[in-house]
Amino acid sequence: MAGYVDFAALKPRVSIEQTATLLGLNAQPAGQQLRSSCPKCLEGGKRAIVITPEEGSFYCFPGKKGGDAIELVCHVKGLSQKDAAGNVVSLFADITSQNLETLAALCDQKRCDTIELF
Ligand SMILES: [Zn+2]
């Protein structure tokens, strides 16, 4: 598997709204954004996570972590870099069947670790 990750090709296929739905988040519209409780942090109530569809980004206030759709999966699922690949791949299998290797490569490259720095 090539180490190169084509983010430009991946991102349009996985919207952050789809990601939130797949994760079972109860995201509710709030202006141009969505707000949801965080099943990982269990703090901050129903507005713990803010999702900005226009930017494809999220930020979890109690968790002090943010990023894109993939990082949202890593945060909510509490995935380590070792088990992230398999979980993320299965979660997105329906909508990214042509990008399984891309997603696996994404997690192999320790992107899940980078969110720890936020
Ligand atoms: Zn959180």
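Note that the structure is a prediction, hence the values are computed from the model and not measured.

The rules behind the values
- Residues numbered from 1 in each chain as written.
- Predicted model: local features only at pLDDT ≥ 70, side-chain atom pairs only at ≥ 80, totals over all residues.
- Helix = DSSP H or I, 4+ residues; strand = E, 2+ residues; numbered from the N terminus.
- Buried ≥ 20, exposed ≤ 12 C-beta atoms within 10 Å, placed from the backbone.
- Contact = placed C-beta atoms within 7 Å.
- Pairing = 2+ DSSP bridges.
- Core = buried A, V, L, I, M, F, W, Y, C linked by C-beta atoms within 7 Å.
- Axes fitted to C-alpha atoms, helices over the stretch in contact; angles between N-to-C directions.

(A) Region of interest: the overall build of the protein. Broken down by element type, the protein carries six helices and five strands. For the protein, the succession of helices and strands along the chain, N to C, is α-α-β-β-β-β-β-α-α-α-α. Relative to its full complement of 118 residues, the protein shows a buried share of 31%. Considering only contacts within the protein whose residues lie at least 6 apart along the sequence, 44% involve residues at least 24 apart.

(B) Structural view of the pairing of strand E3 (residues 49-52). Across the two faces of E3 the burial differs, with Ile49 and Ile51 buried and Val50 and Thr52 not buried at all. Relative to E3, strand E2 (residues 33-36) is paired through three bridges, and the arrangement is antiparallel. The residue bridging Ser36 from the neighbouring strand is Ile49, located in E3. The pairing of E3 with strand E4 (residues 57-60) spans four bridges and is classified as antiparallel.

(C) Representation of the nonpolar core within the structure. Ile16, Ala20, Ile49, Ile51, Phe58, Leu72 and Val73 are the most contacted members of the largest nonpolar core, which totals 17 residues. Looking at this core, the elements with two or more residues in it are helix H2 (16-22), E3, E4 and helix H3 (69-77). With six residues, H3 is the largest single contributor of residues to this core. Among all residues touching Leu72, those that are not within four sequence positions of it are Ile16, Thr19, Phe58 and Gly67.

(D) Structural detail: the pairing of E2. Only one face of E2 is buried, namely the one carrying Leu34 and Ser36, since none of Gln33 and Arg35 on the opposite face is buried. Pairing analysis gives three bridges linking strand E1 (residues 28-30) to E2, with the strands arranged antiparallel. Across the sheet, residue Pro29 finds its bridge partner in E2, namely Leu34. Following E1, the chain reverses through two residues before pairing antiparallel with E2; Gly31 in that reversal takes a positive phi of roughly 65°.

(E) The arrangement of H3 in detail. Extensive coverage of H3 is indicated by the burial of eight of its nine residues. In the stretch just after H3, Gly78 is the one whose phi turns positive, near 65°.

(F) How the structure looks around the sheet that holds E4. The strand order across the open sheet formed by five strands is E1-E2-E3-E4-E5, and the pairing between neighbours is antiparallel. The open sheet terminates on both sides in strands that have one partner only, identified here as E1 and strand E5 (65-67). Within this sheet the neighbouring strands show an average axis-to-axis angle of 20°, counted without direction.

Take it as geometry only, folks, not as evidence of what the structure does.
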